[in-house]
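Structure assessment
Residue-level listing of the chains:
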Amino acid sequence: STRDEMFQLACHFEAMRIRLKDKGDQLLKATLTDELTGLYNRRHFDAFLMRQLEQCKKDESNLILMIIDLDHFKQINDQYGHLVGDRCLQETASMLMKAITRKGDKAFRYGGEEFAIILPSISNPNGEVISERLCELFRTHKLKAPPISLSASIRIASTATANTYHANRLIPLANKT
């Protein structure tokens, strides 16, 4: 009888451990992702960029940072409302995820209607291929209701061309209009 009780108690503790781990995983995900788009958030962007820049410096490899800014987003929000604006942000996030294919590449909601992609250990020509893929996705994508064509400005900075492994120098280069 005592043995059965101990087994049941062990089963309950194991079930509780699993539930606590799941809750912890959910909490961690909530602190790293943007709720609307499902992309990583700005907090994770900052930490990930710093780690990747340190790794690139150590490996003497390159990193590409893309900043993607939706064009005329305020007009879309003003004309069609925030629900349509939210849908535009979600569909943009989906396009970003389609554009990146390598395991280490990550997409982020940088803030508002701005997004970012970090491509670690990559050369400039490969970054341009991804940029072109993204441009093609924007050219061919159209929101169905209301019929809206999305466009975006894509700016690229590379550790190779910028000759820096510092985020506070690389980000402004990618943010230049």
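Here the structure is shown first, and the text comes after it.
In this report, the structure presented in the accompanying data block is examined. Computed from a prediction, not measured in an experiment: that's the story for all the values here. (Residues numbered from 1 in each chain as written. Predicted model: local features only at pLDDT ≥ 70, side-chain atom pairs only at ≥ 80, totals over all residues. Heavy atoms only, no water.)

1. A word on unusual backbone geometry
Basically, it comes down to this: Strands here are runs of E lasting at least two residues and helices are runs of H or I lasting at least four, both read from the DSSP assignment and numbered beginning at the N terminus. Exposure categories follow from relative accessible area, calculated using a 1.4 Å probe and restricted to protein chains: below 20% of the type maximum is buried, above 50% is exposed, and the middle band is partly exposed.
Phi at Glu60 takes a positive value of approximately 55 degrees, unusual for a residue other than glycine. Topologically, Glu60 is positioned in the loop between α2 (42-59) and β1 (63-70). Classification of Glu60 as exposed rests on a relative accessible area of 71%. One non-glycine residue, Ser121, adopts positive backbone phi at about 50 degrees. Judged by its relative accessible area of 45%, Ser121 falls in the partly exposed class.

2. What about the packing of α2 against helix α7 (residues 167-175)?
Basically, it comes down to this: Helix axes are fitted only over the stretch in contact, all axes being lines through C-alpha atoms; the angle between N-to-C directions runs from 0 to 180 degrees. Angles below 35 degrees are treated as roughly parallel, those above 145 as roughly antiparallel, those between 65 and 115 as roughly perpendicular, and all remaining angles as oblique. By convention the crossing between two helices is left-handed if the near helix lies anticlockwise of the far one by an angle smaller than a right angle, and right-handed if it lies clockwise. Residues are treated as being in contact if the distance between any of their heavy atoms lies within 4.5 Å. Basically, the charged four are Asp, Glu, Lys and Arg, the nonpolar ten are Ala, Val, Leu, Ile, Met, Phe, Trp, Tyr, Cys and Pro, and anything else, Gly included, counts as polar.
At a closest axis distance of 11 Å, the pairing of α2 and α7 adopts a crossing angle of 115 degrees. On the basis of their axis angle, the class for α2 and α7 is roughly perpendicular. Where α2 crosses over α7, the handedness of that crossing is right-handed. Residues Phe45, Leu49, Met50 and Leu53 of α2 form the contact with α7, whose own contacting residues are Ala167, Leu170 and Ile171. The residue inventory of the contact of α2 with α7, partitioned by class, reads seven nonpolar, no polar and no charged.

3. Describing the sheet that holds β1
Quick reminder of the rule: Pairing between strands is defined by DSSP: at least two bridges between the two strands are required.
Spatially, four strands are ordered β2-β3-β1-β6 in an open sheet, and the strand pairing comes out antiparallel. Two strands in the sheet have a free side with no partner beyond their single neighbour: β2 (106-111) and β6 (152-158). When strand polarity is set aside, the average angle formed by the axes of neighbouring strands in this sheet is 20 degrees. Across the sheet, α2 is in contact with β1, β2 and β3 (114-120); its angle to β2 comes to roughly 130 degrees.

4. Quick look at the packing of aromatic side chains
Put simply, the rule reads: Pairing of aromatic rings covers Phe, Tyr and the six-membered ring of Trp, with a centre-to-centre limit of 6.5 Å; geometry is then stacked below 30 degrees between planes, edge-to-face above 60, and tilted otherwise.
This structure, assessed with the given rule, holds four aromatic pairs. Their ring planes at 40 degrees and their centres at 5.8 Å tell us that Tyr40 and Phe108 sit as a pair that is tilted. With Tyr40 in the loop between α1 (2-32) and α2 and Phe108 in strand β2, this pair connects stretches of sequence that are 68 residues apart. By relative accessible area, Tyr40 is classed as partly exposed at 29%. With a centroid separation of 5.0 Å and 80 degrees between ring planes, the pair formed by Phe45 and Tyr110 is classed as edge-to-face.

5. Some thoughts on the pattern of salt bridges
Selection criterion: What makes a salt bridge here is a side-chain nitrogen of Lys or Arg within 4 Å of a carboxyl oxygen of Asp or Glu, nothing more.
The full count for this structure, using the stated rule, is seven salt bridges. For Arg42, the salt bridge goes to Asp46, with nearest N and O atoms at 3.2 Å. With Arg42 and Asp46 both in helix α2 and four residues apart, the pair spans about one turn of that helix. You can call Arg42 partly exposed: its relative accessible area is 36%. Its relative accessible area of 32% is what places Asp46 among the partly exposed residues.

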